[in-house]
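# Structure assessment
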Amino acid sequence: KTNAATATRIGMEIQKVPMAISVLSREFLDDTNARSLMDLLRYTASASGDTRYAMRRPGNEATAQGAFTMRGFAMNTIMRNGLFRYISYNMDSVDRIEVVKGPAAVFFGQGFPGGVVNYISKQPAFAKIPDTFKYSLNDENGDKFVADINVVLSKKAAFRMVGGWE
């Protein structure tokens, strides 16, 4: 991926933005079988996760359990499509993940100097893409079913549904 919208809030080429940005594509997420934020931090330079990480309800900045850091600093800024959220996301509905390393308070206001993680959702496509149905088993005797369906309704309307059961 060559463009990212998280650092500047507009789509720009990564090489023209004076910040450290990593984009983890859908293909990368599928190849590594990433299921959570901790799995993503394994493949992000200068980041570390914690296997004790979990979310309590309600999800906000005070309810995280465990710790994850980037560049040695705590990281508390997690977004979905550019909006602040602090919940654990399902990776099946994510198209790509943009990671901005370093102090991003200039662009986002309050935030720790570790960085920002932005989950970008899958969007409807106006082209014919194949519907996918996946079934998988995990190492804890659990199974998972995911359906990704894209329907073009007209030249100006399209619909995409991603659902999963685990």
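Check the entry above for the structure.
Described below are features of the structure shown in this document. Each residue is numbered by its place in its chain's sequence as written, counting from 1. The model is predicted, so local features are restricted to residues of pLDDT at least 70 and side-chain atom pairs to those at 80 or more, both for listing and for counting; the totals for chains, interfaces and linings are taken over all residues. As a rule here, side-chain values come from all non-hydrogen atoms in the structure, and water together with hydrogens is ignored.

Along the protein chain, the regular secondary structure elements total three helices and 15 strands. Here the term buried applies to any residue with accessible area under 20% of the maximum for its type, exposed to any over 50%, and partly exposed to those in between, with areas from a 1.4 Å probe on protein chains only. In the protein chain, which comprises 166 residues, the share counted as buried stands at 37%. Should any heavy atoms of two residues lie within 4.5 Å, those residues are considered in contact. The contacts of the protein chain with a sequence gap of at least 6 include a subset with a gap of at least 24, amounting to 51%. Note that accessible areas follow from Shrake-Rupley with a 1.4 Å probe, and for residues the cover is restricted to the protein chains shown. Split by element, the accessible area of the protein chain, about 10,000 Å² in all, is 54% carbon and sulfur. We count a stretch as a helix when DSSP gives it H or I for four or more residues in a row; a strand needs E for two or more, and each element gets its number in order from the N terminus.

Counting 18 residues, the largest nonpolar core has Leu-37, Leu-40, Leu-41, Ile-97 and Tyr-119 as the members making the most contacts within it. The set of elements that each furnish at least two residues to this core consists of helix H2 (37-41), strand E11 (94-101) and strand E12 (115-121). Per-element accounting of this core gives the leading share, four residues, to H2. In this structure, Ala-4, Val-17, Val-23 and Met-79 belong to the second largest nonpolar core, which totals eight residues. Definition of nonpolar core: a set of buried residues of the types Ala, Val, Leu, Ile, Met, Phe, Trp, Tyr and Cys, connected through side-chain atoms within 4.5 Å.

Before going further, it helps to examine the packing of aromatic side chains. The description of two aromatic rings rests on the distance between their centres and on the angle between their planes. Here a Phe, Tyr or Trp ring, Trp counted by its six-membered ring, pairs with any other such ring whose centre lies within 6.5 Å, and the pair is stacked when the planes are under 30 degrees apart, edge-to-face when over 60, and tilted otherwise. Applying the stated rule across the entire model yields two aromatic pairs. Between the aromatic rings of Phe-133 and Phe-145, the centroid separation amounts to 6.4 Å while the plane-to-plane angle is 20°, which identifies the pairing as stacked. Of this pair, Phe-133 sits in strand E13 (residues 132-137) while Phe-145 sits in strand E14 (residues 143-152), placing them 12 residues apart in sequence. A residue is classified by how much of its surface remains accessible, and Phe-133, at 52% relative accessible area, is exposed. Take Phe-145: its relative accessible area is 35%, and that puts it in the partly exposed class.

Let us now look at the pattern of salt bridges. Pairing is possible between side chains of opposite charge, provided their charged atoms come close. Salt bridge, as used here, is a side-chain nitrogen of Lys or Arg placed within 4 Å of a carboxyl oxygen of Asp or Glu. For the coordinates displayed, the defined rule picks out seven salt bridges. As a salt-bridge pair, Asp-95 and Arg-96 come within 3.7 Å of each other at their nearest N and O atoms. Overall, the relative accessible area of 26% leaves Asp-95 in the partly exposed class. The residue Arg-96 makes a salt bridge to Glu-98 at a minimum N-O spacing of 3.0 Å. A single salt-bridge network, built from bridges that share partners, covers Arg-26, Asp-30 and Lys-134.

Reading across the sheet, the three strands line up as E4-E7-E8 and stay open at both edges, with antiparallel pairing between neighbours. Each edge of the open sheet is held by one strand with a lone partner, namely strand E4 (47-48) and strand E8 (73-74). DSSP bridges decide pairing: two strands pair if at least two such bridges lie between them.

This part covers the side chain of Asp-92. Here Asp-92 is to be found in the loop between strand E10 (83-85) and E11. The exposure class of Asp-92 is buried, given its relative accessible area of 10%. For Asp-92, the residues in contact, after removing those within four places along its chain, are Arg-26, Lys-122, Lys-144, Val-146 and Val-162.

Read across the sheet, three strands follow the order E13-E14-E15 without closing on themselves; strand pairing throughout is antiparallel. Of all strands in the sheet, those bounded by a partner on one side alone are E13 and strand E15 (158-165). Averaged over all neighbouring strand pairs, the angle between strand axes comes to 5°, with direction disregarded. With axes taken as lines fitted to C-alpha atoms, and helix axes fitted only over the stretch in contact, angles between N-to-C directions fall between 0 and 180 degrees.

We now examine a nonpolar patch on the surface. A surface patch of nonpolar side chains, amounting to about 640 Å² of accessible area, comprises Phe-133, Tyr-135, Leu-137, Phe-145 and Trp-165. Structurally, Leu-137 is set in strand E13. On the basis of relative accessible area, Leu-137 is assigned to the exposed category, the value being 66%. In this analysis, a patch consists of residues with relative accessible area above 30% that form no salt bridge, clustered at 9 Å for like charges and at 5 Å for the nonpolar side chains Val, Leu, Ile, Met, Phe, Trp and Tyr.

Honestly, it's all geometry; don't read function into it.
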